[in-house]
Amino acid sequence: MIAMERVSKQSGREAVTDLELRFIEAVEHGRVRAEITYEQLGRYLGLSKSQVSKRQDGQIKYAVRDMYYVGRLFDIDPLTMAAGLGDWLNNIKPEEVQARIDDLRGSDTRA
């Protein structure tokens, strides 16, 4: 019987492209700048905290839909985010991001 090799988390990360890594990094910096948790980000995206964490770890790729909503949350074009960190981080206003999350409860769905 052939022994199955275990695939490490690092091997999974190698499959993530540079563009995806820059987007993941941008999401993390944006999230911290906006003063929101994975749980709040997940609620806005229609994902669980665990699903957000797996995306941030590179275990699951962000879907185009997720990228769109992340950009909408931070009021930044997702392609600008994927290009890397920059001045756009300074334009994130925590109170506006929180208001978008709060507005979601009564109006928008992510299905």
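Residues numbered from 1 in each chain as written. Predicted model: local features only at pLDDT ≥ 70, side-chain atom pairs only at ≥ 80, totals over all residues. Heavy atoms only, no water.

Asks: Explain the packing of aromatic side chains to me, please; I cannot follow it from the model alone.
Replies: Ring pairs (aromatic) are described by centroid distance and by the angle formed between their planes. In total, this model carries 3 aromatic pairs according to the counting rule given. Ring geometry for phenylalanine 23 versus tyrosine 62: centroids 5.3 Å apart, planes at 80°, classification edge-to-face. Note that phenylalanine 23 is positioned in helix α2 (residues 18-34) and tyrosine 62 in the loop between α4 (49-56) and α5 (64-74), a separation of 39 residues in sequence. A single burial state applies to phenylalanine 23 and to tyrosine 62, both of which are buried. (Phe/Tyr/Trp six-rings, centres within 6.5 Å; stacked < 30°, edge-to-face > 60°. Helix = DSSP H or I, 4+ residues; strand = E, 2+ residues; numbered from the N terminus. Buried < 20%, exposed > 50% of the residue type's maximum accessible area, 1.4 Å probe, protein only.)

Asks: Can you help me understand the nonpolar core in this one?
Replies: A general tendency of soluble globular proteins is for nonpolar side chains to be buried together. Counting residues in hydrophobic clusters, the biggest one holds 26 residues, and the most contacted among them are Ile36, Leu41, Val70, Leu73, Phe74, Met81 and Val97. Within the residue set of this core, elements represented by two or more residues are α2, α3 (38-45), α5, α6 (78-82) and α7 (94-104). (Core = buried A, V, L, I, M, F, W, Y, C linked by side-chain atoms within 4.5 Å.)

Asks: What should I look at first to understand the side chain of glutamine 56 in this one?
Replies: Inspection of the secondary structure puts glutamine 56 in helix α4. Beyond its immediate chain neighbours, meaning those up to four positions away, glutamine 56 contacts Ile24, Val27, Glu28, Tyr38 and Tyr62. (Contact = heavy atoms within 4.5 Å.)

Asks: In this structure, what is going on with the packing of α3 against α5? I would like to understand it.
Replies: Helix-helix packing: each pair is described by the crossing angle between the helix axes and the interaxial distance. The geometry of α3 relative to α5 is characterised by a closest axis approach of 10 Å and an angle of 115° between their N-to-C directions. Accordingly, the angle class assigned to the pair α3 and α5 is roughly perpendicular. Of the two elements, α3 crosses α5, and the hand of that crossing is right-handed. Taken together, the residues of α5 that come into contact with α3 (itself represented by Leu41, Tyr44 and Leu45) are Arg65, Asp66, Tyr69, Val70, Arg72 and Leu73. Looking at the contact of α3 with α5 residue by residue, the classes come out as 6 nonpolar, no polar and 3 charged. (Axes fitted to C-alpha atoms, helices over the stretch in contact; angles between N-to-C directions. Parallel < 35°, antiparallel > 145°, perpendicular 65-115°, else oblique. Left-handed = near helix turned anticlockwise from the far one by under 90°. Nonpolar A, V, L, I, M, F, W, Y, C, P; charged D, E, K, R; others polar.)

Asks: Is there a simple way to explain the packing of α2 against α5 in this structure?
Replies: It is the contact of α2 with α5, at a shortest axis distance of 11 Å, that shows an interaxial angle of 30°. Taken together, the axis directions place α2 and α5 in an arrangement best described as roughly parallel. In this structure, α2 meets α5 at a crossing whose hand is left-handed. When α2 is examined against α5, the residues Phe23, Val27, Gly30, Arg31 and Ala34 are found in contact with a partner set consisting of Met67, Val70 and Phe74. Considered class by class, the residues forming the contact of α2 with α5 number 6 nonpolar, 1 polar and 1 charged.

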